[in-house]
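Here is how the chains run, residue by residue.
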Amino acid sequence: MINQSFLNILLLVYEFKTAWLAVRKCGERAGLPLSTYPHMLRHACGYALADQGADTRLIQDYLGHRNIQHTVRYTAANPARFERLWR
């Protein structure tokens, strides 16, 4: 199933477990104090887009959220991105 697989840079298919183990090992090597898993990359992407000032609707579309409330958590986490609007 392609929706449970990952493609590498050479477009070879990774099984979900292979990707999960690779992400977990990277987290361990980085010394992160929590277990890592592939879905964390999705969250990291959402927060990074929000921190760079991306529009909430753009983030919603990029992450494939149907409900905007699922996207708002990324933008609400960094109120500093709205500072220039409040001045």
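Below: a short report on this structure. In every chain, residue numbers begin from 1 and rise along the written sequence. Totals for whole chains, interfaces and linings use all residues, but because this is a predicted model, local features are given only for residues with pLDDT of at least 70 and pairs of side-chain atoms are given and counted only at 80 or more. With hydrogens and water set aside, each side-chain value is computed from the structure's full complement of heavy atoms.

1. So, the overall build of the protein chain
A tally of regular secondary structure across the protein chain gives five helices and two strands. Each helix is a run of H or I in the DSSP string that is no shorter than four residues. Each strand is a run of E no shorter than two, and both are numbered from the N terminus. The N-to-C order of helical and strand elements in the protein chain reads β-β-α-α-α-α-α. Each residue gets one of three labels from its accessible area relative to the maximum for its type: buried under 20%, exposed over 50%, partly exposed in between, using a 1.4 Å probe on protein chains only. Residues classed as buried in the protein chain amount to 24% of the 87 residues present. Residues count as neighbours in contact if any of their non-hydrogen atoms are within 4.5 Å of one another. Considering only intrachain contacts with a sequence separation of at least 6, the fraction spanning at least 24 residues in the protein chain is 25%.

2. Concerning the packing of aromatic side chains
To pair, rings of Phe, Tyr and Trp, with the six-membered ring standing in for Trp, must have centres within 6.5 Å; the planes then decide the type, stacked if under 30 degrees apart, edge-to-face if over 60, and tilted in the middle. One pass over the structure, following the stated rule, counts one aromatic pair. Pairing Tyr 47 with Tyr 74 gives two aromatic rings, centres 4.8 Å apart and planes at 75°, and the pair type is edge-to-face. One end of the pair, Tyr 47, is in helix α2 (residues 39-51); the other, Tyr 74, is in helix α4 (residues 68-76), with 27 residues separating them in the sequence. Residue Tyr 47 is classed as partly exposed on the basis of its relative accessible area of 32%. Assessed through its relative accessible area of 1%, Tyr 74 is described here as buried. Placement of a charge over a ring requires the Lys NZ or Arg CZ to be within 6 Å of the ring centre, with the centre-to-atom vector within 35 degrees of the ring normal. A cation sits over an aromatic face here: Arg 73 above Tyr 74, 5.6 Å from the ring centre.

3. Description of the packing of α2 against helix α3 (residues 56-63)
For the pair α2 and α3, the least separation of the axes is 10 Å and the interaxial angle reads 160°. Classified by the angle between their axes, α2 and α3 sit roughly antiparallel to one another. Here α2 runs over α3; the crossing is right-handed. Judged by residue contacts, Arg 42, Cys 45, Gly 46, Leu 49 and Ala 50 of α2 engage Ile 59, Tyr 62 and Leu 63 from α3. With axes taken as lines fitted to C-alpha atoms, and helix axes fitted only over the stretch in contact, angles between N-to-C directions fall between 0 and 180 degrees. Angular relationships are summarised with four words: roughly parallel below 35 degrees, roughly antiparallel beyond 145, roughly perpendicular across 65 to 115, and oblique for the angles in between. By definition, any crossing whose near helix is turned counterclockwise from its far helix by less than a right angle is left-handed, and any crossing with a clockwise turn is right-handed.

4. Focus on α4
Turning to α4, its buried residues number three or more, namely Thr 71, Tyr 74 and Thr 75. One face of α4 carries all of its buried residues, which in axial projection span an arc of 95°. Facing away from the buried side of α4 by over 90 degrees, the exposed positions are Gln 69 and Ala 76. Elements that come into contact with the buried residues of α4 comprise α2 and α3. Looking at where α4 begins, the residue whose side-chain oxygen comes 2.8 Å from the main-chain nitrogen of Gln 69 is Asn 67. The arc in question is the one spanned by the directions pointing from the helix axis to the C-beta atoms. The definition of a polar contact used here is a pair of N or O atoms within 3.5 Å, where within protein one atom must be able to donate a hydrogen and the other to accept one, and adjacent residues in sequence count solely through side-chain atom pairs.

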